[in-house]
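Observations on the three-dimensional arrangement
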Amino acid sequence: MATERTFSIIKPDATRRNLTGKINAVLEAAGLRIVAQKRIQMTQAQAESFYGVHAARPFFRDLVSFMISGPVVVQVLEGDNAVARNRDVMGATNPSSAAEGTIRKLFAENIEANSVHGSDSAENAATEMAFFFAATEIVG
């Protein structure tokens, strides 16, 4: 197995309900190490840029509005096959389809307010980590 890094966001629905520690515990129990983390209030410009790949999609405006509706926790996670492992522990986007014990099954409110975001590839992880963190902020 290859040790790699991936990017994660604990979304406003979860921070509003004070679930950061519980979500971190699930991530760590799955073998992921948190090597960078900060709580931020995303600006509209940041959210529009970060989710720019979805700009033409009908849900884009609602997504941006949701992501700026409260603080988020941005993170860099490290571990064996971190991208795939994080996606497994997050669970399906729709919490009603998510496996038992996954973050979205445990904590998501609905398909939009699904508590977490995670990179879908190593390439996107690199881009997303660089969007929010300087290399000096990631401490393995």
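Details of the structure are given in the entry above.
Predicted, not measured: the structure shown is a model, and the values here were computed from it.

Considerations on the packing of aromatic side chains
Within the structure shown, the criterion is met by 6 aromatic pairs. Between F7 and F132, the aromatic rings sit 5.5 Å apart at their centres with planes inclined by 0 degrees, giving stacked as the arrangement. Placement of F7 in strand β1 (residues 3-10) and of F132 in helix α7 (residues 122-132) is noted, with a sequence separation of 125 residues between them. Arranged with centres 4.8 Å apart and planes meeting at 65 degrees, the rings of F131 and F132 form a pair that is edge-to-face. F131 sits in the partly exposed class, given a relative accessible area of 33%. Site record: aromatic cluster; members linked through ring pairs are F7, F50, Y51, F131 and F132.

Overview of α7
For α7, the full list of buried residues reads A125, E128, M129 and F132. Taken down its axis, α7 places every buried residue within 100 degrees of arc, on the same side. The exposed residues of α7 that point more than 90 degrees off its buried face are E123, T127 and A130. For α7, the elements touching its buried residues are β1, β2 (33-40), α3 (44-50), β3 (72-80), α5 (82-90) and β4 (116-118).

What counts as what
- Positions within a chain are numbered from 1, following the residues in the order the chain's sequence is written.
- Per-residue local features are limited, in this predicted model, to residues with pLDDT of at least 70; the limit for side-chain atom pairs, both in listing and counting, is 80 or more; totals at the level of whole chains, interfaces and linings are taken over all residues.
- Based on all heavy atoms of the structure, the side-chain values leave hydrogens and waters out of the count.
- Only Phe, Tyr and Trp rings take part, Trp by its six-membered ring, and two of them pair if their centres are within 6.5 Å. Stacked means planes under 30 degrees apart, edge-to-face means over 60, and tilted covers everything else.
- In DSSP terms, a helix is any run of H or I states spanning at least four residues, a strand is any run of E spanning at least two, and both are numbered starting from the N terminus.
- Relative accessibility decides the category of a residue: with a 1.4 Å probe and only protein chains considered, values under 20% of the type maximum give buried, values over 50% give exposed, and everything between is partly exposed.
- Directions pointing from the helix axis toward each C-beta atom define the arc.
- Contacts are assigned to residue pairs that have any heavy atoms within 4.5 Å of one another.

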